[in-house]
Amino acid sequence: MNKYQVNDIIEGTVIEIKSYGAILLFDGEIKGLLHISEIANSYIPNIRKFLSIGCIYQVKVLSVENNGFLRVSIAKISEEERKKIHSPEAKKRTPVKEEDIDFSPIKEKMPIWIKEFKEKHND
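Trainee: How should I be thinking about the pattern of salt bridges in this particular structure?
Mentor: One side chain can pair with another of opposite charge once the charged atoms of both are near each other. For the structure on display, the rule yields six salt bridges. Measuring nitrogen to oxygen at the nearest pair gives 2.6 Å for the salt bridge that ties Lys3 to Asp27. In this pair, Lys3 is assigned in the segment before strand 1 (9–18) and Asp27 in the loop between strand 2 (21–26) and strand 3 (30–35), connecting sequence segments 24 residues apart. Glu38 serves as the salt-bridge partner of Lys76, at 3.0 Å between the closest nitrogen and oxygen. Highlighted residues: Lys76 in the loop between strand 5 (70–73) and helix 1 (79–85) and Glu38 in the loop between strand 3 and strand 4 (56–64), separated in sequence by 38 residues. Assessed through its relative accessible area of 45%, Lys76 is described here as partly exposed.

Structural data, given as structure tokens:
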């Protein structure tokens, strides 16, 4: 079963730009194509004026191929969907409980790191 479904709105990072569109990476493992015609509802003479490598964009899944490759769109995200994406509720972060944070590996390594630093800088 594919991780993404048609009409899902997901975040992808641009990893490559071609004259016909951009290749995005989703969750560090799944690739997809954002065709130049799916960037906006108007003519785009130069894709590089709209997209940048390394930037993250919200896109809508148009199709999922058998190998998992996605075809995605920015232009097909409706105004209502955009409002949901940018609503204060959508941007709320889940607080992390202090008891869920485990610093024990750092605590164990810190004396070793301090010793190595001192040895390196006292020569």
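Trainee: Just to check I follow, could you spell out the pairing of strand 4 for this structure?
Mentor: Regular strands place their side chains on alternate faces of the sheet. Two elements, strand 1 and strand 4, share five bridges in a ladder whose sense is antiparallel. The residue bridging Ile9 from the neighbouring strand is Lys60, located in strand 4. Note that strand 4 and strand 5 share four bridges and pair antiparallel. Counted as the bridge partner of Ser63 is Arg71 from strand 5. The loop that links strand 4 with its antiparallel partner strand 5 comprises five residues; one of these, Gly68, has a positive phi angle of about 95°.

Trainee: Please clarify how the sheet that holds strand 5 should be interpreted in this entry.
Mentor: As a general point, the strands of a sheet are linked pairwise by backbone hydrogen bonds and lie either parallel or antiparallel. Strand order in the closed barrel formed by five strands is 1-2-3-5-4, with mixed pairing between adjacent strands. Along the sheet, successive strands turn relative to each other by an average axial angle of 50°, direction set aside. Here three bridges tie strand 3 to strand 5, and the two strands are oriented parallel to one another. In the sheet register, Gly32 faces strand 5, and the bridge partner there is Leu70.

Reading the values: rules and limits
- Residues numbered from 1 in each chain as written.
- Predicted model: local features only at pLDDT ≥ 70, side-chain atom pairs only at ≥ 80, totals over all residues.
- Heavy atoms only, no water.
- Salt bridge = Lys/Arg side-chain N within 4 Å of Asp/Glu carboxyl O.
- Helix = DSSP H or I, 4+ residues; strand = E, 2+ residues; numbered from the N terminus.
- Buried < 20%, exposed > 50% of the residue type's maximum accessible area, 1.4 Å probe, protein only.
- Pairing = 2+ DSSP bridges.
- Axes fitted to C-alpha atoms, helices over the stretch in contact; angles between N-to-C directions.

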